[in-house]
Amino acid sequence: MRALFVQQDHVSPTGPIGEGFERRGYELVEFPVVPADRFHAPDVEVAFPDPRDYDVIVPMGAPWSVYDEAAIGSWIREELDFLRRAHESGVPVFGICFGGQALAAALGGRVERGSEPEIGWYTIETGAPGLVEAGPWFQWHQDRWSPPPGAASLARTRVAPQAFTIGRSLAVQFHPELTVAMLDGWLGNGGGDWVTAHGGDVERLAATTRAEEPAAVVRAHRLVDRFLDQVASRPW
């Protein structure tokens, strides 16, 4: 079995989510979209593979907005088509943050700027704790989705929806893959300025993440198990 991780940028490794899939016997295949030398000019040409060559697709987070084609270029259209083909072919999709927003947009939902960003560790309101538990989960976003037609909305915060399922696919707005090392990469790649600009405290964010990481890794592994057992296994 193979799980394709669509890595939108060069500072988003698979983390505990990748570990969760490996624990279940999946081979991880990493598909980079924007290389490091094009991070500040991300309008690259991308040829996405055939999603039917994989057993699950995991589109990951990004610092860009799904709707900002002027900045990121036409590859977002290609990615939305790729996710739509995966879903329509019965290939489960597990979308994370930008990847969840992209799944929503691909299937007829909407993505827009939220009323305020969410940065840090948040406990979410969940109507399906046996699938998506309350957390706390790490948030790093300023956009929000409206779920696609036919989706079941599962969780939210005051600011944004946090999870939905549709068919054999799951989207989450938070970052279950986040580790201290990953956060260091984001902060050092321009994210620290973004946090500060929105009133955040970088040192406190890093300290809280160090404290939360051990339990968060366990939650991430649990989320992968529940996705595979409850969502990806649905009849097609």
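Shown above is the structure to which this text applies.
A short tour of the structure in this document, coming up. Keep in mind the model is a prediction, meaning the values are calculated, not measured. (Residues numbered from 1 in each chain as written. Predicted model: local features only at pLDDT ≥ 70, side-chain atom pairs only at ≥ 80, totals over all residues. Heavy atoms only, no water.)

**Examining the sheet that holds strand β1 (residues 2-7)**
As a reminder of what qualifies: Following DSSP output, two strands are said to pair if at least two bridges run between them. Strands here are runs of E lasting at least two residues and helices are runs of H or I lasting at least four, both read from the DSSP assignment and numbered beginning at the N terminus. As a rule, the C-alpha atoms of each element are fitted with a line to give its axis, helices using only the stretch in contact, and angles between N-to-C directions run from 0 to 180 degrees. Throughout, a contact is declared for two residues whenever any of their heavy atoms are within 4.5 Å.
Across the sheet, which stays open at both edges, the three strands sit in the order β2-β1-β3 with parallel pairing between neighbours. The sheet is open, and its two edges are formed by β2 (27-32) and β3 (56-59), each paired on a single side. Each strand of the sheet is rotated relative to its neighbour by a mean of 20°, with strand direction disregarded. Note: β1 against β3, four bridges, orientation parallel. Each bridged residue has a counterpart across the sheet, and for A3 the counterpart in β3 is V56. Of the strands in this sheet, β1, β2 and β3 are in contact with helix α1 (residues 15-23), which crosses β1 at around 170°.

**Thoughts on the pattern of salt bridges**
How we decide: Salt bridge, as used here, is a side-chain nitrogen of Lys or Arg placed within 4 Å of a carboxyl oxygen of Asp or Glu. Buried residues are those whose accessible area, probed at 1.4 Å on protein chains only, stays under 20% of the maximum for their type, while exposed residues exceed 50% and partly exposed ones sit between those limits.
A full pass over the atoms with the stated rule returns twelve salt bridges. The shortest N-O distance in the salt bridge between D43 and R38 comes to 3.0 Å. Exposure remark for D43: the relative accessible area of 43% places this residue in the partly exposed category. According to the relative accessible area criterion, R38 is partly exposed, its value standing at 30%.

**Regarding the environment of E177**
Residue placement: E177 occurs in the loop between β10 (169-172) and α5 (180-197). Residue E177 is classed as buried on the basis of its relative accessible area of 1%. Note: C-alpha distance between E177 and G18 (159 residues apart in sequence) is 7.8 Å. Residues within four places of E177 in sequence aside, it is in contact with P13, T14, G15, P16, I17, M60, I96, M182 and W186.

Shape is all these values report; function is a separate question.
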